[in-house]
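# Understanding the architecture of this molecule
As a plain string of letters, each chain reads:
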Amino acid sequence: MELCMSLVNGGSISVVNLSPSCLSRSLPVRKNLISLQSYTCLRPPSLSRQFQPSQFAVSASPSSSSSSPTALSSEKDQLPADIIVTETQEPNSRVKLSIQVPPEVCDDCYKRVIDEFMKQAKVPGFRPGKKVPESILVSHVGKKSVQKAAVESILRRTLPHAMSSVTGMPLRDSVRIVTRFSDMEQAYSSLNSLRYDVIVDIAPEVKWIPENGYKNLKVVVEIDSDIDAQKASEQELRRRHKSLGSLRIVTDRGLQIGDLAVLDISATTIDQDESNVKSIPSADSKGYHFDTEDGDKVVPGFLDSIIGIQRGETKSFPLVFPESWTQEDLRGIRAQFNVECKELFYRDLPELDDSLAERLLPGGTSLKQVKESLLQKFLEVEQTAREQAADNAILDQLCKMVEVDIPQSFFEEQGMQLYGARLLEIQANIKLNEQQLASLSSKKAVDEYLLNQKENITHMIKQSLAVGDIYKRENLQLSTEELVKEVENSIAEFKRQKQDYDEERVRGQVQEILEGAKVLEWLREHAEIQYVTR
């Protein structure tokens with residue numbers, strides 16, 4: 001479905017134009033999905049699963065030593081003294097923590113490390129489990145290794161305490177130690193204390209302008225006058241009727257409405273300076289099968305210009321590409337068309353009556369019944385299209401009503417998901433070799449994509465955060481039965497496609513989609529939605 005959105009009246013009303021193409025297609029329309037993607041593919045970062053302050057995967061900074069810890073325990077144990085945590089707010093919903101660990105904590109961590117080495121080390125001259133003097137143990141293990149293990153122990157024990165003091169909700173997998181591990185080792189070795197800095201993204205706060213503005217949405221959906229189920233069903237009946245006929249060669253007349261012509265088409269730009277005339281490759285076509293009943297799909301005036309053309313005849317005429325033309329580079333271009341008619345056919349159609357019912361629609365019993373069935377089908381398509389248009393307008397307006405400081409981890413996660421889905425789509429259509437795949441998967445390619453798609457990615461995240469905020473504000477609920485059923489259906493589809501899946505991830509994604517559907521359902525019920533015909 002093609003949608004064109006714009007704002008009027010200072011942005012207070014979101015207007016959506018619904019194009020005719022939405023009813024001419026038989027593809028199903030996805031309803032009520034925020035991300036408009038499959039469960040296995042994309043979604044804006046989860047609110048329900050990302051904001052878990054008790055879980056941290058901590059990555060050392062790129063400049064850290066390769067021997068520094070990459071994952072620290074989330075458990076908090078009792079410390080012999082308090083650590084000092086200084087918090088500094090930074091842009092993009094980010095917080096910097098400066099953590100000062102006193103000597104008492106460092107000593108306690110050192111003792112634990114020595115005890116652990118004592119249990120595991122096999123020191124020559126001492127039986128396993130036998131107490132080994134500390135000086136001998138350190139000499140055997142290596143002072144450098146002991147210090148490294150002590151620093152790791154300090155980080156592992158103190159970081160959960162530091163994170164528990166963060167103002168706001170930390171985002172899982174966003175915690176990063178930015179102090180070089182070698183610097184921490186040196187400080188510990190010389191001062192018997194430790195200071196390190198941590199960067200963490202926190203859950204962004206959604207601010208509504210105006211406050212609770214989502215409760216008073218006004219949405220206008222503009223529909224073209226030729227978009228209606230009745231017209232679409234009539235066109236479909238005509239298409240099916242034509243498929244039952246046969247083509248006959250026209251020998252004694254020119255082209256008429258209803259005929260099918262095989263054309264060779266070429267076009268050039270019109271310019272007063274004849275030396276500047278250029279061909280228009282995208283308008284050229286050899287052996288183009290043109291159905292005269294599809295005249296609305298070509299440049300306005302094209303059909304009228306070739307009516308009456310006969311087999312073997314050539315016609316030349318000027319036309320102007322409209323400003324609404326799909327190809328932007330052709331909009332407003334004046335072109336000289338040359339059209340040669342290679343073949344000309346008319347359709348020999350059977351009489352449209354009850355005898356064709358079964359062939360027009362499997363199970364059809366009469367022409368009236370076929371028409372009613374087709375009309376009902378397109379009424380459903382029209383209703384779905386109208387709802388989808390309203391949903392898009394609502395989401396677009398929500399995005400304009402919220403202010404949010406998006407964390408970089410959110411942006412990168414969403415962008416990587418989008419890019420990954422794009423690669424899968426390309427791979428499905430064009431089998432990429434290893435070199436091509438490596439090139440498209442490079443950091444440079446990903447960074448370029450994130451830069452080019454920044455506005456789109458930001459838009460999606462803002463929509464997701466706005467919808468998640470409404471879900472919490474309005475205390476909306478999902479039934480357990482509904483969630484379980486959809487999760488089972490999704491897992492069954494994975495198994496049918498013989499694809500790997502993470503059940504927890506599938507459940508989280510399904511839950512988000514269902515929650516989004518609940519929010520859009522609630523918004524449609526409370527919004528003032530008006531459908532108007534242009």
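Every value quoted in this text rests on a predicted model; they were computed, and no experiment measured them. (Residues numbered from 1 in each chain as written. Predicted model: local features only at pLDDT ≥ 70, side-chain atom pairs only at ≥ 80, totals over all residues. Heavy atoms only, no water.)

## A short note on the overall build of the protein chain
- In terms of helices and strands, the protein chain carries 16 helices and 16 strands.
- The buried share among the 534 residues of the protein chain stands at 42%.
- If you take every contact in the protein chain between residues at least 6 apart in sequence, the share linking residues at least 24 apart comes to 74%. (Helix = DSSP H or I, 4+ residues; strand = E, 2+ residues; numbered from the N terminus. Buried < 20%, exposed > 50% of the residue type's maximum accessible area, 1.4 Å probe, protein only. Contact = heavy atoms within 4.5 Å.)

## Looking at the environment of E87
- Within the secondary structure layout, E87 lies in strand β4 (residues 84-90).
- What makes E87 partly exposed here is its relative accessible area of 27%.
- In this structure, E87 is in contact with V95, K96, L97, S165, V166 and T167, ignoring residues within four places of it in sequence.
- Only 2.9 Å separates the side chain of E87 from the side chain of Q89, close enough to count as a polar contact. (Polar contact = N/O pair within 3.5 Å; in protein donor to acceptor, adjacent residues only side chain to side chain.)

## Side note on the nonpolar core
- With 49 residues, the main nonpolar core has W208, L398, I470 and L523 as its most contacted residues.
- Sorting the residues of this core by element identifies β9 (218-223), α10 (367-401), α11 (408-429), α13 (443-452), α14 (454-473), α15 (480-496) and α16 (503-526) as the ones contributing at least two each.
- In contact with L398, other than residues within four places in its own chain, are W208, Y214, L217, A466, V467, I470 and L523.
- Listed in part, the 28 residues of the second largest apolar core include A162, I177, Y196 and V198. (Core = buried A, V, L, I, M, F, W, Y, C linked by side-chain atoms within 4.5 Å.)

## Topic: the packing of α14 against α16
- Close contact between α14 and α16 brings their axes to 9 Å; oriented N to C, the two are set at 75 degrees. Considered as vectors, α14 and α16 are oriented roughly perpendicular to each other. Counted together, V467, I470 and Y471 of α14 and E515, G516, K518, V519, W522 and L523 of α16 form the full contact between these two elements.
- Residue classes in the contact of α14 with α16 are distributed as six nonpolar, one polar and two charged. (Axes fitted to C-alpha atoms, helices over the stretch in contact; angles between N-to-C directions. Parallel < 35°, antiparallel > 145°, perpendicular 65-115°, else oblique. Nonpolar A, V, L, I, M, F, W, Y, C, P; charged D, E, K, R; others polar.)

## Thoughts on the pattern of salt bridges
- Taken as a whole, this structure holds 25 salt bridges when the rule is applied.
- With a closest N to O distance of 2.6 Å, R157 and D108 form a salt bridge. Of the two residues, R157 sits in helix α5 (residues 143-163) while D108 sits in helix α3 (residues 103-120), which places them 49 residues apart along the sequence.
- R157 sits in the buried class, given a relative accessible area of 6%.
- With relative accessibility at 23%, the residue D108 sits in the partly exposed group.
- Linking R253 and D259 is a salt bridge whose minimum nitrogen-to-oxygen distance equals 2.7 Å.
- The partly exposed category is assigned to R253, whose relative accessible area is 23%.
- Salt bridges linked by common partners bring R238, K242, D291, E293 and R347 together as one network. (Salt bridge = Lys/Arg side-chain N within 4 Å of Asp/Glu carboxyl O.)

## With respect to the packing of aromatic side chains
- Across all of its chains, the model carries 11 aromatic pairs by this definition.
- For the ring pair F302 and F317, a centre distance of 5.9 Å and an interplane angle of 70 degrees mean the geometry is edge-to-face. Of this pair, F302 sits in helix α8 (residues 302-306) while F317 is found in strand β13 (residues 314-320), placing the two residues 15 residues apart along the sequence. Comparing F302 with F317, the two get one shared label, buried.
- Ring centres 5.5 Å apart and planes at 25 degrees place the aromatic pair F494 and Y501 in the stacked group.
- Site record: aromatic cluster; members linked through ring pairs are Y288, F290, F302, F317, F321, W325 and F337.
- A cation over an aromatic ring shows up here: R386 above the ring of Y531, its NZ or CZ 3.9 Å from the ring centre. (Phe/Tyr/Trp six-rings, centres within 6.5 Å; stacked < 30°, edge-to-face > 60°. Lys NZ or Arg CZ within 6 Å of the ring centre and 35° of its normal.)

## A short note on the confidence of the model for the protein chain
- Of all residues in the protein chain, 84% attain a pLDDT of 70 or more, and the chain-wide mean is 80.
- The lowest-confidence element of the protein chain is strand β1 (residues 3-8), averaging 25 in pLDDT; the highest-confidence one is β13, averaging 94.
- Taken as a whole, residues 1-73 scores under 50 in pLDDT and shows 208 contacts with residues more than four places along the chain or in a different chain. (pLDDT = per-residue confidence, 0-100.)

## A closer look at α3
- Along its 18 residues, α3 runs 26 Å from first to last C-alpha, staying within 8% of the 26 Å computed at 1.5 Å per residue.
- In this structure, the buried residues of α3 make contact with β5 (94-101), α4 (134-141), α5, α6 (181-191) and β7 (194-201). (Expected span 1.5 Å × (residues − 1).)

## Some details on unusual backbone geometry
- Omega for the peptide link from I209 to P210 comes to -5 degrees, which places this bond in the cis form.
- Looking at the secondary structure, you find P210 in the loop between β8 (207-208) and β9.
- Phi is positive for N92, close to 60 degrees, though the residue is something other than glycine.
- One can find N92 in the loop between β4 and β5.
- For N92, a relative accessible area of 36% corresponds to the partly exposed category.
- Even without glycine at this site, N192 takes up a positive phi of about 55 degrees.
- Take N192: it is sitting in the loop between α6 and β7.
- Given a relative accessible area of 27%, N192 falls into the partly exposed group.

## What about the environment of G254?
- Looking at where G254 falls in the secondary structure, it is placed in the loop between β10 (246-249) and β11 (260-269).
- Expressed as a C-alpha distance, the spacing of G254 and R311, which sit 57 residues apart in the sequence, is 7.5 Å.
- What G254 contacts, discounting residues up to four positions off in sequence, is D259, G308, I309, Q310 and L344.

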